[in-house]
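# Close look at the chain arrangement
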Amino acid sequence: MTDLAGRVALVTGASKGIGRAIALELAEAGADLVINARGSAALDAVAAEIRARGRDVEAVPAERGDGGRRPAGRRARRGALRPR
């Protein structure tokens, strides 16, 4: 991978799976990171892994604007959305 020293990368979905793998690979390449995901405990664990690689990281947990209800797409498919 290219040397990313002095660069900052933003990775969403960084708490698991492909997002986590990308964040760790970018850290290995020298990038500092801003990581985002819904699960704050898992996100903090990934941030710790990145710091262990000597990189700076800011973990920003995602906020659900729907009060924890189903995503708007699901409500729309079920006809639950009505004009306001």
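Conventions used here
- Residues numbered from 1 in each chain as written.
- Predicted model: local features only at pLDDT ≥ 70, side-chain atom pairs only at ≥ 80, totals over all residues.
- Heavy atoms only, no water.
- Helix = DSSP H or I, 4+ residues; strand = E, 2+ residues; numbered from the N terminus.
- Buried < 20%, exposed > 50% of the residue type's maximum accessible area, 1.4 Å probe, protein only.
- Contact = heavy atoms within 4.5 Å.
- Areas by Shrake-Rupley, 256 points an atom, 1.4 Å probe, with all protein chains shown as cover.
- Axes fitted to C-alpha atoms, helices over the stretch in contact; angles between N-to-C directions.
- Parallel < 35°, antiparallel > 145°, perpendicular 65-115°, else oblique.
- Left-handed = near helix turned anticlockwise from the far one by under 90°.
- Nonpolar A, V, L, I, M, F, W, Y, C, P; charged D, E, K, R; others polar.
- Core = buried A, V, L, I, M, F, W, Y, C linked by side-chain atoms within 4.5 Å.

## Some remarks on the overall build of the chain
Broken down by element type, the chain carries three helices and three strands. The N-to-C order of helical and strand elements in the chain reads β-α-β-α-β-α. Within the span of the chain, comprising 84 residues, buried residues form 29% of the whole. Here the analysis covers contacts within the chain between residues at least 6 apart in sequence; of these, 49% occur between residues at least 24 apart. A total of about 5,900 Å² of accessible surface is found on the chain, and carbon and sulfur atoms cover 49% of it.

## Let's talk about the side chain of Ser15
With respect to the helices and strands, Ser15 occurs in the loop between strand S1 (8–12) and helix H1 (17–28). Among the residues examined, Ser15 registers a relative accessible area of 14% and is labelled buried. If we ignore the near neighbours within four places in the chain, the residues touching Ser15 are Arg20, Ala37, Gly39, Ala42, Leu43 and Val46.

## Section: the packing of H1 against helix H2 (residues 40–52)
It is the contact of H1 with H2, at a shortest axis distance of 9 Å, that shows an interaxial angle of 20°. Overall, the two elements H1 and H2 adopt an arrangement that is roughly parallel. Where H1 crosses over H2, the two elements pack in a sense that is right-handed. Each of Arg20, Ala23, Leu24 and Ala27 in H1 lies in contact with H2, whose residues at this interface are Val46, Glu49 and Ile50. A per-class count over the contact of H1 with H2 returns five nonpolar, no polar and two charged.

## What about the nonpolar core?
Val11, Ala23, Leu26, Leu33, Ile35 and Ile50 are the most contacted members of the largest nonpolar core, which totals 18 residues. If you list the elements that add at least two residues to this core, you get S1, H1, strand S2 (32–37) and H2. What Val11 contacts, discounting residues up to four positions off in sequence, is Gly19, Ile22, Ala23, Leu26, Leu33, Val34, Ile35 and Asn36.

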